[in-house]
Amino acid sequence: MRSLIPSRRAFGTGLAAAGALMASARTAAASPRPQVVAHRGASGYRPEHTASAYLLAIAQGADVIEPDLVLTKDGALVARHENEIGGTTDVASRPEFAGRRTARDIDGERVEGWFTEDFTLAELKTLRARERLPQLRPGSARHDGEDGVLTFAEVAALARRESARTGRTIGLCPEMKHPAHFRRLGLAFEPIMAAALKAEGLDAATAPVLVQCFEVGPLKTLSTLSKAPRVQLVSAEGGPADLPGARYADMVTAEGLKAIAAYAQAVGPEWRQVLKVDGAGALAGPTSLVADAHAVGLKVFPWTVRAENTFLPPALRRGATPADHGDAASLLTALYAAGVDGVFCDFPDLAVAARGG
């Protein structure tokens with residue numbers, strides 16, 4: 001299968017000239033292996049979206065690191081899982097920000113806490129990162145407070161440095177989070193994203209980057225502002241926040257995938273949309289999604305493989321508690337066998353090992 005992120009070259013010496021990203025997807029020989037995308041870094045081991053998590057992921061052999069991106073009050077792109085940061089930073093313990101706690105409607109869901117759009121970048125830079133799932137990941141939680149909040153520019157700089165150090169291109173897979181929500185606040189995500197890509201030398205079809213979004217309109221708009229490749233994210237349930245009434249289930253039919261191919265180069269489904277799970281909770285072979293996507297020229301990057309029992313189908317669970325690690329290797333092996341072009345994983349070392357290196 002063919003790679004969307006070039007295997008080497010020039011991320012440290014000029015991103016715009018970094019191999020033949022989409023050209024290779026159309027014309028080059030098949031890549032010998034799918035790519036490992038470190039989901040928020042090595043987020044099974046370190047607090048997500050931190051320098052520590054990204055560096056560990058690269059050390060474990062990840063090909064690509066993923067920063068979820070949200071906007072600050074002053075329009076800066078920062079790497080956080082959500083714009084609500086009460087669970088991923090120490091903001092709740094900071095008395096100077098106690099008055100910022102509020103409630104917001106985020107894509108139809110009421111959420112309470114502290115939101116990046118109420119903070120300047122300078123204010124966010126005073127916060128420290130925390131483990132989002134401490135009950136499941138106490139080892140990661142021991143690293144609370146060691147790292148701060150990164151900007152997209154800082155993540156890109158980290159990838160450039162590591163590309164130069166390791167001699168292999170470390171790709172980026174940024175996700176635009178909740179563009180419709182930010183648009184309602186007067187913060188247009190797409191031009192800010194496009195400007196950031198250009199500033200980082202990533203405004204090219206051959207750049208080692210894949211820009212993701214669960215919404216449709218922002219990807220279409222970005223396609224008019226930047227040449228960077230795009231990934232339409234989908235889920236097993238629900239639909240895009242910017243298209244009321246639309247369903248992800250319809251978007252992954254043969255016809256739906258053909259429509260996605262008009263504005264994106266890849267689709268990012270939930271892994272359960274790629275593999276069937278039978279009534280006993282065992283893996284039961286692939287669905288037609290990968291074949292259907294490849295038929296219209298789309299690459300497939302399923303999300304997200306995690307090692308803890310609570311995230312695995314029943315037949316792959318091991319041990320007695322939700323936090324115990326199950327047989328994630330079998331899930332990864334099945335995804336690779338289904339022909340995926342890459343996989344998002346919180347534990348990059350497991351994904352690399354299951355791939356065979």
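Residues numbered from 1 in each chain as written. Predicted model: local features only at pLDDT ≥ 70, side-chain atom pairs only at ≥ 80, totals over all residues. Heavy atoms only, no water.

(A) Region of interest: the overall build of the protein. Of the regular secondary structure elements, the protein holds 13 helices and 15 strands. A compact globule built from 357 residues would reach a C-alpha radius of gyration of about 21 Å, and the protein, at 19 Å, matches this within 12%. In terms of principal-axis extent, the alpha carbons of the protein reach across some 55 × 50 × 45 Å. A burial count over the protein gives 55% of its 357 residues as buried. Look at the contacts in the protein between residues 6 or more apart in sequence, and 67% of them connect residues 24 or more apart. Here the protein carries 40 positive and 40 negative side-chain charges, and the mean point of each set is 5 Å from the other. (Helix = DSSP H or I, 4+ residues; strand = E, 2+ residues; numbered from the N terminus. Rg over C-alpha atoms; globule rule 2.2 N^0.38 Å. Buried < 20%, exposed > 50% of the residue type's maximum accessible area, 1.4 Å probe, protein only. Contact = heavy atoms within 4.5 Å. Lys, Arg positive; Asp, Glu negative; His and termini not counted. Charge placed at Lys NZ, Arg CZ, Asp CG, Glu CD.)

(B) The arrangement of the sheet that holds strand β15 (residues 342–345) in detail. Taken in spatial order, the four strands of this open sheet run β7-β2-β1-β15, and their pairing is parallel. Here the strands that pair on one side only, and so sit at the sheet edges, are β7 (171–172) and β15. The pairing of strand β1 (residues 35–38) with β15 spans four bridges and is parallel. Bridging across to β15, A38 finds its partner in C345. Taken strand by strand, helix α13 (residues 348–355) contacts β1 and β15, and its axis lies near 175 degrees from that of β1. (Pairing = 2+ DSSP bridges. Axes fitted to C-alpha atoms, helices over the stretch in contact; angles between N-to-C directions.)

(C) Just α13, in detail. Considered for burial, the residues of α13 that qualify are P348, A351, V352 and R355. Axial view of α13: buried residues confined to an arc of 100 degrees, hence all on one face. Where α13 is buried, its residues touch β1, α2 (51–59), α12 (328–337) and β15. Once α13 ends, the next one or two residues include G356, with phi positive near 95 degrees. (Arc of directions from axis to C-beta.)

(D) Structural context of the state of the cysteines. Tallied over the full model, the rule gives zero disulfides. Not part of a disulfide, C345 finds its nearest cysteine sulfur in C173, a span of 14 Å. In this structure C345 comes out as buried when scored by relative accessible area, which is 1%. (Disulfide = S-S within 2.5 Å.)

(E) Looking closely at the pairing of β1. In β1, alternate side chains face the same way, and those of Q35 and V37 on one face and V36 and A38 on the other are all buried. Pairing of β1 with strand β2 (residues 64–65), which is carried by two bridges, proceeds in the parallel orientation. Residue A38 lies in a different strand from β2, and its bridge partner there is I65. Crossover handedness for the path β1 to α2 to β2: right-handed. (Right-handed = clockwise from strand over helix to strand, strands pointing away.)

(F) The nonpolar core, seen in detail. Of all hydrophobic cores here, the largest spans 81 residues; its most connected members are I65, F152, L172, M193 and L335. Setting aside chain neighbours within four positions, we find F152 in contact with P67, L69, L77, L172, P174, M193, A196, L197, E200 and L202. (Core = buried A, V, L, I, M, F, W, Y, C linked by side-chain atoms within 4.5 Å.)

(G) Highlighting unusual backbone geometry. Its identity is not glycine, yet R40 carries a phi of approximately 65 degrees, on the positive side. Relative to the elements of secondary structure, R40 occurs in the loop between β1 and α2. For R40, a relative accessible area of 7% translates into the label buried. Although it is not a glycine, H178 sits at a positive phi angle of roughly 55 degrees. Its location among the elements puts H178 in the loop between β8 (175–176) and α6 (179–184).

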